[in-house]
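Overview (structure and organization)
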Number of protein chains: 2
Amino acid sequence: MVLEKEINFILALDELKNVNRRNFNLDNSRRENTAEHSWQIVVFAQILWPYAKDKKQIDLLRVIKMLSIHDVVEIEAGDTFIFDESAMTGKYERELAAAKKTFGILNEPLSSDFLSLWIEFEAEETPDAVFACAVDRIMPFILNVYGDGVSWTEAGIQPHQVENIVGKAVRKASEEMGEAFDILLRKAIDEGKLES
Amino acid sequence: MVLEKEINFILALDELKNVNRRNFNLDNSRRENTAEHSWQIVVFAQILWPYAKDKKQIDLLRVIKMLSIHDVVEIEAGDTFIFDESAMTGKYERELAAAKKTFGILNEPLSSDFLSLWIEFEAEETPDAVFACAVDRIMPFILNVYGDGVSWTEAGIQPHQVENIVGKAVRKASEEMGEAFDILLRKAIDEGKLES
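Residues numbered from 1 in each chain as written. Chains lettered and ligands numbered in written order. Predicted model: local features only at pLDDT ≥ 70, side-chain atom pairs only at ≥ 80, totals over all residues. Heavy atoms only, no water.

An unreviewed UniProt entry annotates chain A as HD domain-containing protein originating from Chryseobacterium salivictor.

Pasting the structure below:
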């Protein structure tokens, strides 16, 4: 049938609505799922782009493509809590296999295009990937700071972990995002959402 | 605070995760929410773009921007079932007011940029908007055809309604999408998901 692979792919992606992340929605009513998160960072990237350090070198369309598809690997590989060091072991290999399987549903060149974008995002080296990664990291951080921070408190997360995982990525991408991070990290510590 | 308006905006948007649409997820476990839907059409647009009639005139980044923000009006105005003619009355005015309020959280030029994209999408006239609208309409159609079609059967939706609302928009944007629509509409009728 016409568009058969395209339709099979988007149907396979529907499962991402059932992948729950550790993080909670702002109103703390439930954990957010990965599909919702992917949408929110696609919008946030458009708003934060003017503040990116390497703005002239950044292709916003590529950034948005990366952000919209980088988590589809979780359909096969599940969500890995970013502060869980033991679970992070072997994560790349598991997710690469998942990426090949899921993107492989599509025809070329789209299949390889998505796989390349996914690999580039994970490497966090190009200006597009550095910025995309910062947006992906700061979003759950903001939800924790303005929400109840349950995904932090239930795991006993400490400020240095947030600095290592979020702060570094954010500062690499944008001075303004780095400034906001510092202020909000202080707020989270003062409110007892991070162990001190 | 630095990035205060940007953060306020993305926090306001979190509520879209709580706006449920009539449509169900593919596995029929629950109705999908608007945030998830917005993500799925952002991805689907990337895949269907090669099949757009006016491909050379279409700016994929603008299409994705439109799709990612066109439903944020539902935070204030709620989701309106597209086949409910009486509820569709006054929808534009309600949603325009909502768009001005929500996008108004942001600084210029972003606030006006988003409002313009929203107005352009709703008018369904430019090549970008025609294509974006087709993607937005065909996605829940596909989920109904491959799922249980509950949002259709519970409302007694008939084939001519789906043709009017989905078929016309899809055919305007892409021959291949129109062909797929025809095949899948037949399948839905054969499977008793639409009243005949």
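Focus on the environment of A:Gln57
Residue and element names in this part refer to chain A. What counts is decided by this rule: Only DSSP runs of H or I covering at least 4 residues are called helices, and only runs of E covering at least 2 are called strands; the numbering of each starts at the N terminus. Two residues form a contact once any of their heavy atoms are found within 4.5 Å.
With respect to the secondary-structure elements, Gln57 resides in the loop between α2 (34-48) and α3 (60-69). Put simply, Gln57 and Thr126 are 69 residues apart on the chain and 9.3 Å apart in space, counted from C-alpha to C-alpha. In this structure Gln57 touches Pro127 and Asp128, once residues within four positions along its chain are discounted.

Structural notes on the pairing of strand β1 (residues 20-24) of chain A
Here is the rule we go by: A strand pair is defined by DSSP finding two or more bridges across the two strands.
Two elements, β1(A) and strand β2 (residues 31-33) of chain A, share 2 bridges in a ladder whose sense is antiparallel. Paired with A:Asn20 across the two strands is A:Asn33, which belongs to β2(A).

Regarding the relation of the copies chain B and chain A
The test is simple: The copies were overlaid with a least-squares fit restricted to C-alpha atoms from residues scoring a pLDDT of at least 70 in each copy.
Once turned by 180° and shifted 0.0 Å along the axis, chain B lies on chain A with an RMSD of 0.0 Å. Taken together, the rotation and translation describe the operation of a two-fold axis. By residue overlap, the copies meet face to face through one surface: 100% of the interface positions of chain B are interface positions in chain A.

Describing helix α7 (residues 110-123) of chain B
Here is the rule: Here a helix's expected span is defined as the number of its residues, less one, multiplied by 1.5 Å. Burial status follows relative accessibility: with a 1.4 Å probe on protein chains alone, a residue under 20% of its type maximum counts as buried, one over 50% as exposed, and anything between as partly exposed.
A rise of 1.5 Å per residue sets the reference length of α7(B), with its 14 residues, at 20 Å; its end C-alpha atoms lie 20 Å apart and thus fit the reference within 8%. Taken as a whole, α7(B) has its buried residues at B:Leu110, B:Ser111, B:Phe114, B:Leu115, B:Leu117, B:Trp118, B:Glu120 and B:Phe121. On its buried side, α7(B) packs onto α2 of chain A together with α1 (4-13), α3 (60-69), α6 (91-103) and α8 (127-146) of chain B. B:Glu124 sits one or two residues past α7(B) and shows a positive phi near 55°.

What to know about the pattern of salt bridges
When charged atoms on two side chains of opposite charge get close, those side chains can pair. Selection rule: When a carboxyl oxygen of Asp or Glu is within 4 Å of a side-chain nitrogen of Lys or Arg, the pair counts as a salt bridge.
Taken as a whole and assessed by the stated rule, the structure comprises 30 salt bridges over all chains. With a closest N to O distance of 3.0 Å, A:Glu191 and A:Lys187 form a salt bridge. The class of A:Lys187 is partly exposed, set by a relative accessible area of 28%. With its nearest N and O atoms 2.4 Å apart, the salt bridge here joins B:Arg171 to B:Glu163. Assessed through its relative accessible area of 30%, B:Arg171 is described here as partly exposed. For B:Glu163, a relative accessible area of 23% translates into the label partly exposed.

Here's the deal with the packing of aromatic side chains
Stated precisely, the cut-off is as follows: Paired rings are identified among Phe, Tyr and Trp, the last through its six-membered ring, by centres lying within 6.5 Å, and are further divided according to the angle between planes into stacked (under 30 degrees), edge-to-face (over 60) and tilted (the rest). Put simply, a charge is over a ring when the Lys NZ or the Arg CZ is close to the ring centre, within 6 Å, and near the line of the ring normal, within 35 degrees.
Under the definition given, this model contains 14 aromatic pairs over all chains. Between B:Phe9 and B:Phe103, the aromatic rings sit 6.4 Å apart at their centres with planes inclined by 35°, giving tilted as the arrangement. Taken together, the residues span a long stretch of sequence, with B:Phe9 in helix α1 and B:Phe103 in helix α6 at a distance of 94 residues. Each member of the pair B:Phe9 and B:Phe103 is classed as buried. Relative to B:Phe83, the ring of B:Phe81 lies with its centre 5.6 Å away and its plane at 75°, an arrangement referred to as edge-to-face. Side by side, B:Phe81 and B:Phe83 carry an identical accessibility label, which is buried. In this structure an aromatic cluster arises from ring pairing among A:Phe9, A:Phe103 and A:Phe114. The ring of A:Trp49 has A:Lys55 sitting right over it, with the charged end atom 4.7 Å from the ring centre. Sitting over the face of the ring of B:Tyr146, B:Lys187 holds its NZ or CZ atom 5.3 Å from the ring centroid.

Points about the packing of α3(A) against helix α8 (residues 127-146) of chain A
Residues and elements named next belong to chain A. Going by this rule: Fitted lines through C-alpha atoms serve as axes, helices being fitted only where they are in contact, and the angles separating the N-to-C directions of these axes extend from 0 to 180 degrees. We call two directions roughly parallel when the angle between them is under 35 degrees, roughly antiparallel when it is over 145, roughly perpendicular when it lies between 65 and 115, and oblique otherwise. Each crossing is labelled by how the near helix is turned from the far one, with a counterclockwise turn of less than a right angle marking it left-handed and a clockwise turn marking it right-handed. All residues other than Ala, Val, Leu, Ile, Met, Phe, Trp, Tyr, Cys, Pro, Asp, Glu, Lys and Arg, Gly among them, are scored as polar; the first ten of these are nonpolar and the last four charged.
One can describe the packing of α3 onto α8 by two numbers: an axis separation of 9 Å at closest approach and a directional angle of 50°. Relative to α8, the element α3 lies oblique. Judged by the sense of rotation from one axis to the other, the crossing of α3 with α8 is right-handed. Between α3 and α8, the contacting residues are Arg62, Val63, Met66 and Leu67 on the first element and Asp128, Ala129, Phe131, Ala132, Val135 and Asp136 on the second. Residues that form the contact of α3 with α8 fall into these classes: 7 nonpolar, no polar and 3 charged.

Re α6(B)
Residue and element names in this part refer to chain B. To be explicit about the condition: Throughout, the arc means the angular range of directions from the helix axis out to the C-beta atoms.
Across its 13 residues, α6 extends 18 Å between first and last C-alpha, which sits within 8% of the 18 Å expected from 1.5 Å per residue. Of the residues making up α6, those classed as buried are Lys91, Glu95, Leu96, Ala98, Ala99, Thr102 and Phe103. For α6, the angular spread of buried residues about the axis comes to 165°, placing them on one side. Looking at α6, the residues exposed on the side facing more than 90 degrees away from the buried face are Glu93 and Lys101. In this structure, the buried side of α6 is in contact with α1, α3, α4 (74-77), α5 (85-88) and α7.

Examining the interface of chain B and chain A
Formally: When two parts are put together, the accessible area they lose, computed with a 1.4 Å probe and summed over both, is reported as buried area.
Across the boundary between the two partners, chain B contributes 53 residues, which contact 53 residues of chain A. Between chain B and chain A lies a buried interface of about 4600 Å² when both sides are counted; carbon and sulfur atoms form 74% of it. Three residues stand out in chain B for area buried against chain A, namely B:Ile10, B:Lys17 and B:Trp39, and they jointly supply 16% of the buried area on that side. Linking chain B to chain A there are 2 salt bridges.

Focus on the side chain of B:His37
Of note, B:His37 is situated in helix α2 (residues 34-48). Each residue touching B:His37, except ones within four places of it in the same chain, is listed here: B:Arg21, B:Glu32, B:Asp71, B:Asp136 and B:Pro140.

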